[in-house]
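Summary of the model geometry
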2 protein chains.
Amino acid sequence: MILHNSPHIERIAFTVAKTTSSFLKGPDESQTLMKVALGQETADLAVVNARLANVYTGEFIDDCAISTKGRWIAYVGPNPDDTIGPKTEVIDAAGQTVIPGLIDGHTHMGWLCKADEFLQYGAKGGTTTIITETLEVFLVAGYAGIVDLLESFKNQPVKIWSTAPATISISKAARGISREHLQKLLDRDDIVGLGESYWQAVIQEPDWVLALFEQTQRAGKTLEGHSAGASEKKLAAYIANGISSCHEPINVDQVIDRLRLGLHVMVREGAVRRDLKEIARIKDHGIDLRRLVLVSDGITPADLMANGYMEALVQKAIDYGFEPINAIQMATLNVAEHFSLDHLIGGIAPGRLADFVIIPDDATMAARTVVSNGRIIAQNADLLAVPQSYSFSADSLNSVNLPRELTASDFIIRAPENIENVKVRVIKMVTDLVTAEIEERVPVNDGQIAIDLNKNIVKIAAIDRTHTPGRLFAGLIKGFGLKAGAFACSAAWDCSDIIVAGTDNSDMAMAVNRIHSMQGGAVVCEDGKILAELPMPIFGVISDLPLKNLAQQFENITRAAHKQGIPFPDPVLSLTTLTGAAIPYLRICEEGLVNLKSGKNVSLFVE
Amino acid sequence: MILHNSPHIERIAFTVAKTTSSFLKGPDESQTLMKVALGQETADLAVVNARLANVYTGEFIDDCAISTKGRWIAYVGPNPDDTIGPKTEVIDAAGQTVIPGLIDGHTHMGWLCKADEFLQYGAKGGTTTIITETLEVFLVAGYAGIVDLLESFKNQPVKIWSTAPATISISKAARGISREHLQKLLDRDDIVGLGESYWQAVIQEPDWVLALFEQTQRAGKTLEGHSAGASEKKLAAYIANGISSCHEPINVDQVIDRLRLGLHVMVREGAVRRDLKEIARIKDHGIDLRRLVLVSDGITPADLMANGYMEALVQKAIDYGFEPINAIQMATLNVAEHFSLDHLIGGIAPGRLADFVIIPDDATMAARTVVSNGRIIAQNADLLAVPQSYSFSADSLNSVNLPRELTASDFIIRAPENIENVKVRVIKMVTDLVTAEIEERVPVNDGQIAIDLNKNIVKIAAIDRTHTPGRLFAGLIKGFGLKAGAFACSAAWDCSDIIVAGTDNSDMAMAVNRIHSMQGGAVVCEDGKILAELPMPIFGVISDLPLKNLAQQFENITRAAHKQGIPFPDPVLSLTTLTGAAIPYLRICEEGLVNLKSGKNVSLFVE
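All values derive from a computational prediction rather than experimental measurement.

Scanning chain A for helices and strands turns up 16 helices and 32 strands. Its C-alpha atoms put chain A at 90 × 50 × 45 Å along the principal axes. Sequence-distant contacts, at least 24 apart, represent 70% of the contacts inside chain A between residues at least 6 apart. For chain A, the computed accessible surface area is about 19400 Å², with 47% contributed by carbon and sulfur atoms. Mean positive and mean negative side-chain charge positions of chain A (55 and 73 charges, respectively) differ by 3 Å.

Here you go:
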């Protein structure tokens, strides 16, 4: 690859496109593009002699050129000469392939990692648009928190668009968003839909959820789905409400069921699950794959640094046997069409944003040059554009509200009467994420319920830090593996809680108090000592560390938790999902235990 | 097919769905669908044991059921029993296939034929959505005219949605729509985009056209294209402005060029052209056909009555070698996706409108039962629903405004000086629709230019009836074939003119005056006698006749015109397109001759 007219590419701060500004072209901007296409004005950038991945027709086409002006593509075709002037930067891509900028259609940029740190690694491999959930931040910091989060997504080298939070939570105090706040979000150009709305809530509590759906659809935006475990009648009922995607299927049959009902199905390969290998078998079914999409659903810092982002997913899809053009479509056109954004992104054509990636050949997702919004943002795995750091508001940095320091006595669970043992409902770990409701008879000492390490039963508690600060519920969990101390995190899913597992009331209090003093984070402690900690001071859910340090400290937490006996691959994930509102089926929040099958609170003590 | 619970289906007036009402489901409506899917309420209609054309996955699936409630599909799947109650109408479709309701994505329902008359034949074969242009009516009757036209589309058995007029005309007086009127149209639920915007005008006169584009895109609606003859740089320039479809390609290469640039390409098979046979070769190219669409672009009454509507196009596509499922996708999902209407139409899935068709087998488009908006509207080629007739406003019925009766002298073309002959620009018929600009020396008698039947040169004149009533321009046309008399029509394309060809000034005046007195229509006359006429009193472009009579009188006009010597298959079409703003390349309007290559007026007399 030869760069003409650009002997020296400086590291540039990317300031042209504001992701929240309108992506509507005005007449002047359109006329300029038209003039470039006609050869009456010259392009800013021209990629010539490329093999082009045409996602519209599903072909690779040789000898193509792309000419851009500002952030837009003006011309695509074999004859770019008239668009090239003395100031046009020309990239000769002979022998190489150009693909559209990749899109992650479902992720969580409001969890664990700051956008600018994420993009240090996430923007150089060819991902040019990220569509993210925002629920974590809303549940702890409300509308003002979301607005602060969205500010941190602006002026980045790539587009970060968001979905408004569906605000489904097992905590009644945490759930819900006002009509006014939702409307303000839906009115924004950087909000493309309503975020994942778990099917259980839609079916169990339609009154308030369906009002959000109507409001979102009235704004012409999509309803993101989450139909894990739903099938047949329940799946149909869920979809009948207007849900148009699901990123939860884990095998080919579930994918086909959902595609047949008209959903865009997002195959997930990331931090939460890795389903691509299994689902790749769908390539042999001979069905239309236009609605199949690749998403990360979040990716760990270590994975991102080691393997890359969406380019790694596309590469895997190819390695698992998808035709390269189909794999590329799954991370470009298919997802753009899902969000009705294909007039802007997802393909290389005149009038689209100039987002594309030069790779060595059709099947090797190793970005040589990444162009985003018309700018070269990365070359040969070197990020040229500087992701913008952002100063979060004081409120966002002080979101862990507890009225006082906790003490060991806060974690005492008193039995209802003075008996020797009592039958209680216990959260049973079935996998590292899935739980069941079981009943166990546990010992009572001095009127207090005791843990039973022989039976692998320890305490689990959730403490609200936003809506009813300090409200605490403690119960029991079996199979979590903890042998000593406590393990806590403020980034609990789908609520505003600190979640803490422990064998010792004092250690539990210590872990929570340490999180309070850090204003968020994860802590492992034992015998009154902190063994590992990870600060997450932004909303109590996002770390402020550079990505490398974050990955290291996350690894430290993981190791410490494993050492405490937790057997799961990602102990933070196993802990924080205990408050989740979607993964079956016995969950905990500051209000108590909730059985997701019924959507009802269940008592700790069994009558 | 057995109908349970409906021994007697009466002819019903279809009054449930107002096409201009919102198609947004409110929470109550959604909850009802959900309850039906879950088996907690019963469906209104259930089709069971069907083979289902799944356009999302491109499969036919056996043993499927569809349960509907109101105008919506609530459930699709193999287990409908719980949705069926004593009041549910059950259709056993064993051994038959169900396909989604067909969509015509581009037609002209504001030309020649009233909606209710059209639907007598157009609604019984399986077409359940029609998307139509409205430009003809706007150019002659403005915003009030369009509103009246849209009223006539309401409360019909099938949905008729429209595009707002792009108002491109070679007449400067006729072109343009105010920002306010366009906005009022774009705000309507039954307006899905901006109508065909000819590429020449976009490139030649971007200032006013691009303002319409921006306004339409701001409303989140599509820009319909018309790129006949554009290629390479011009095509790219046109598309860069946001145009997202074209229905003009006439061969595979043109189709592929447009698909590759991201357009939805509409293959036209109707009154204007029949391109499907040629373009069907694309099936062997192995490319992704998700953006290929079938449209009629208008269909003659005789063709409609003899062969049917979109079902005939799908049948032809199959007969020309497309896989049946691909042919069905081309008239359902592909076009729904183009207009971002796939949440409502284009497939059979929960939450979509209950539009579907039972056919005998996958490849035979002979509708046994047509369900539209949840109602059975036709069975075995018998239309059960009654299309609604509409009383147009007095203004709409009095749209042919001429300040006085014309006389023979109005058609005199005076030569610039007293000479024997003069060189003039002449419209040369190249095909039945395409024209060229040629120069001819023609005789001058008594200072008046004479026709020259030996050279097949006769007069052609255009008279404005709306913007500058009575303004008239007369010129010459070669190769039109007329040997005697005059042939006139008030439904001239892309303007508000009456167009008249003639060998005799008196006959020309008579034909125009007869159109004036009929308030619109087509007339053939000779030697002071009317040989054939077709009244078109609605806006001067639509007939008020029942379809059979319309077809008959249209045939009479055609025969009379053929007898006068016009050699083209559809003389009305060849005449009325002479004012068109898109078909190359020398055209006429009341302001003079216009060369479409340059977009400029050219003088009759050559210097």
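Attention shifts here to the interface of chain B and chain A. Taken together, the contact pairs 60 residues of chain B with 60 residues of chain A. On the chain B side of the contact with chain A, Lys233, Arg260 and Arg290 of chain B bury the most area, a combined 14% of that side's loss. Across the chain B-chain A interface, the total number found is 10 salt bridges. The residue Arg291 of chain A makes a salt bridge to Asp342 of chain B at a minimum N-O spacing of 2.8 Å. Here chain B is connected to chain A by 26 residue pairs in polar contact (both at pLDDT 80 or more). Where the side of chain B that touches chain A is concerned, the elements lending two or more residues are helix H1 (27-38), strand S4 (59-69), strand S5 (72-77), helix H5 (199-204), helix H6 (206-218), helix H7 (232-240), helix H8 (252-260) and helix H13 (333-338) of chain B. Here the side of chain B that touches chain A is built from residues that sort into 29 nonpolar, 15 polar and 16 charged.

So, on to the side chain of Ser543 of chain A. All names here are of chain A. Tracing the backbone shows Ser543 in the loop between strand S29 (529-535) and helix H15 (547-563). Taking relative accessible area as the criterion, Ser543 reaches 0% and is therefore assigned buried. Among the polar contacts listed, one links the side chain of Ser543 to the backbone nitrogen of Leu545, at a separation of 3.0 Å. Not counting the four nearest positions on each side in its chain, Ser543 is found in contact with Leu112, Lys114, Leu534, Pro535, Met536, Pro537, Ile538 and Leu550.

Once that is clear, we can look at the state of the cysteines. What the rule picks out here adds up to 0 disulfides over all chains. We note that Cys589 of chain A lacks a disulfide partner, and the nearest cysteine sulfur, in Cys495 of chain A, lies 6.9 Å from it.

Turning our eyes to something else, we now look at the relation of the copies chain B and chain A. At an RMSD of 0.0 Å, chain B and chain A line up after a rotation of 180° and a shift of 0.0 Å along the axis. Both copies of the chain, as the preceding transformation shows, are related through a two-fold rotation axis. Of the C-alpha atoms belonging to chain B, the one lying closest to the rotation axis is found on Ser340 of chain B, 3.4 Å away. Comparing interface residues between copies, 100% of those in chain B also sit at the interface in chain A, which points to an isologous, same-surface contact.

All names here are of chain A. The predicted model of chain A has a mean per-residue pLDDT of 94, with 96% of residues at 70 or higher. With pLDDT under 50 throughout, residues 1-21 is counted as low confidence; its partners more than four residues away or in other chains account for 66 contacts. The ipTM value of the predicted complex is 0.94, and its pTM value is 0.95.

What follows deals with the sheet that holds strand S14 (residues 264-268) of chain B. All names here are of chain B. The strand order S13-S14-S15 describes an open sheet built from 3 strands, whose pairing is parallel. Looking at which strands have only one partner, the edges of the open sheet turn out to be strand S13 (245-246) and strand S15 (292-295). Here S13 pairs with S14 via 2 bridges, running parallel. In the sheet register, Ser245 faces S14, and the bridge partner there is His264. Helix-sheet contacts for H8 involve S13, S14 and S15, and the interaxial angle to S14 is about 155°.

All names here are of chain B. Taken in spatial order, the 3 strands line up as S30-S31-S32 in an open sheet, and their pairing is antiparallel. In the strand order of this sheet, the two ends are held by strand S30 (586-589) and strand S32 (600-602), each with one partner. Between one strand axis and the next, the sheet turns by 40° as a mean value, whatever way the strands run. When strand S31 (residues 592-595) meets S32, the two strands line up antiparallel, connected through 3 bridges. Within S32, the residue paired with Asn595 across the bridge is Lys600.

All right, on to helix H2 (residues 115-122) of chain B then. The buried fraction of H2 of chain B is high, at 7 of 8 residues. Along H2 of chain B, the residues classified as buried are Ala115, Asp116, Glu117, Phe118, Leu119, Tyr121 and Gly122 of chain B.

This part covers helix H1 (residues 27-38) of chain A. Here H1 of chain A is 12 residues long and its end C-alpha atoms lie 16 Å apart, about the 16 Å a rise of 1.5 Å per residue gives. What H1 of chain A keeps buried is the set Ser30, Gln31, Leu33, Met34, Val36, Ala37 and Leu38 of chain A. Considering only its buried residues, H1 of chain A is in contact with strand S4 (59-69) and strand S5 (72-77) of chain A together with H5, H6 and H7 of chain B. The first or second residue beyond H1 of chain A is Gly39 of chain A, which carries a positive phi of 80°.

Let us now look at the pattern of salt bridges. Under the definition given, this model contains 64 salt bridges over all chains. The partner of Lys159 of chain B in a salt bridge is Asp355 of chain B, and the shortest N-O contact between them spans 2.6 Å. Of the two residues, Lys159 of chain B is situated in strand S10 (residues 159-164) and Asp355 of chain B in the loop between H13 and strand S16 (356-359); the sequence distance between them amounts to 196 residues. Linked by salt bridges that have partners in common, Glu248, Arg268, Arg273, Asp275 and Asp297 of chain A make up one network.

With that settled, the discussion passes to the pairing of strand S11 (residues 191-198) of chain B. Residues and elements named next belong to chain B. Of all 8 residues making up S11, 8 are buried, and the element is well covered by its neighbours. Direction of pairing for S11 relative to strand S12 (residues 222-226): parallel, over a ladder of 4 bridges. Bridge pairing links Tyr198 to His226 in S12.

Here helix H6 (residues 206-218) of chain A crosses H1 of chain B at 120°, and the two axes come no closer than 9 Å. On the basis of the axis angle, H6 of chain A is oblique to H1 of chain B. The handedness of the crossing between H6 of chain A and H1 of chain B comes out as right-handed. Listed contacts from H1 of chain B to Pro206, Asp207, Leu210, Ala211 and Glu214 of chain A of H6 of chain A are Pro27, Ser30, Gln31 and Met34 of chain B. Of the residues that constitute the contact of H6 of chain A with H1 of chain B, the class distribution is 5 nonpolar, 2 polar and 2 charged.

A word on the packing of helix H3 (residues 135-153) of chain A against helix H4 (residues 179-186) of chain A. Relative placement of two packed helices is described by the angle separating their axes and the distance separating the axes. Residue and element names in this part refer to chain A. At a minimum axis separation of 11 Å, H3 and H4 run at an interaxial angle of 10°. Here H3 is positioned roughly parallel relative to H4, judged by the angle of their axes. As H3 packs across H4, the resulting crossing turns out to be right-handed. Between H3 and H4, the contacting residues are Tyr143, Ile146 and Leu150 on the first element and His181, Lys184 and Leu185 on the second. In terms of residue class, the contact of H3 with H4 is built from 4 nonpolar, 1 polar and 1 charged.

Let's shift gears to the pairing of strand S26 (residues 486-489) of chain B. Residue and element names in this part refer to chain B. The two faces of S26 match: Ala486 and Ala488 on one face and Phe487 and Cys489 on the other face are all buried. Where S26 and strand S27 (residues 497-502) come together, 4 bridges link them in antiparallel fashion. Within S27, the residue paired with Phe487 across the bridge is Ala501. Where S26 meets strand S28 (residues 521-526), 4 bridges bridge the pair, whose relative direction is antiparallel. Considered in S28, the bridge of Phe487 is made with Val524.

What follows concerns the environment of Lys277 of chain B. Residue and element names in this part refer to chain B. Tracing the backbone through its elements, the reader meets Lys277 in helix H9 (residues 276-279). Classification of Lys277 as exposed rests on a relative accessible area of 59%. Distance from Lys277 to Tyr320, taken between C-alpha atoms, is 6.3 Å for residues 43 residues apart in sequence. What Lys277 contacts, discounting residues up to four positions off in sequence, is Glu269 and Tyr320.

Calculation rules
- Every residue gets a number counted from 1 within its own chain, in the order that chain's sequence is written.
- By the order in which they are written, chains take letters starting at A while ligands take numbers starting at 1.
- With the structure being a predicted model, the display of local features is reserved for residues of pLDDT at least 70 and the display and counting of side-chain atom pairs for 80 or more, all residues being used for whole-chain, interface and lining totals.
- With hydrogens and water excluded, all non-hydrogen atoms of the structure serve as input to the side-chain values.
- Each helix is a run of H or I in the DSSP string that is no shorter than four residues. Each strand is a run of E no shorter than two, and both are numbered from the N terminus.
- Any two residues whose heavy atoms approach within 4.5 Å at even a single point are treated as in contact.
- Exposure was quantified through the Shrake-Rupley algorithm and a 1.4 Å probe, taking into account, for residues, occlusion by the shown protein chains and nothing else.
- Only four residue types enter the charge count: Lys and Arg as positive, Asp and Glu as negative, with His and the chain ends excluded.
- Lys charges are placed at NZ, Arg charges at CZ, Asp charges at CG and Glu charges at CD.
- Summed over both partners, buried area is the accessible surface (1.4 Å probe) that two parts give up on being assembled.
- Throughout this description, the term salt bridge denotes a Lys or Arg side-chain nitrogen within 4 Å of a carboxyl oxygen of Asp or Glu.
- What qualifies as a polar contact is a pair of N or O atoms within 3.5 Å, subject to a donor-acceptor requirement within protein and to the restriction that residues adjacent in sequence count only when both atoms come from side chains.
- Any residue that is not Ala, Val, Leu, Ile, Met, Phe, Trp, Tyr, Cys, Pro, Asp, Glu, Lys or Arg is counted as polar, Gly included; the first ten are nonpolar and the last four charged.
- Three exposure classes are used, based on accessible area relative to the maximum for each residue type with a 1.4 Å probe and protein chains only: buried under 20%, partly exposed in between, and exposed over 50%.
- Cysteine sulfur atoms that come within 2.5 Å of each other are treated as a disulfide pair.
- A residue counts toward the fit only if its pLDDT is at least 70 in both copies, and the copies are then superposed by least squares on the C-alpha atoms of those residues.
- Note on scores: pLDDT gives the predictor's confidence for each residue, bounded by 0 and 100.
- Two strands pair under a simple rule: DSSP has to find at least two bridges between them.
- Between the N-to-C directions of two axes lies an angle of 0 to 180 degrees, each axis being a line fitted to C-alpha atoms and, for a helix, fitted only over the stretch in contact.
- By this rule, a helix spans an expected 1.5 Å times one less than how many residues it contains.
- Roughly parallel covers angles under 35 degrees, roughly antiparallel covers those over 145, roughly perpendicular covers 65 to 115, and oblique covers all other angles.
- Whether a crossing is left-handed or right-handed is set by the direction in which the near helix is turned from the far one by less than a right angle, anticlockwise for left-handed and clockwise for right-handed.

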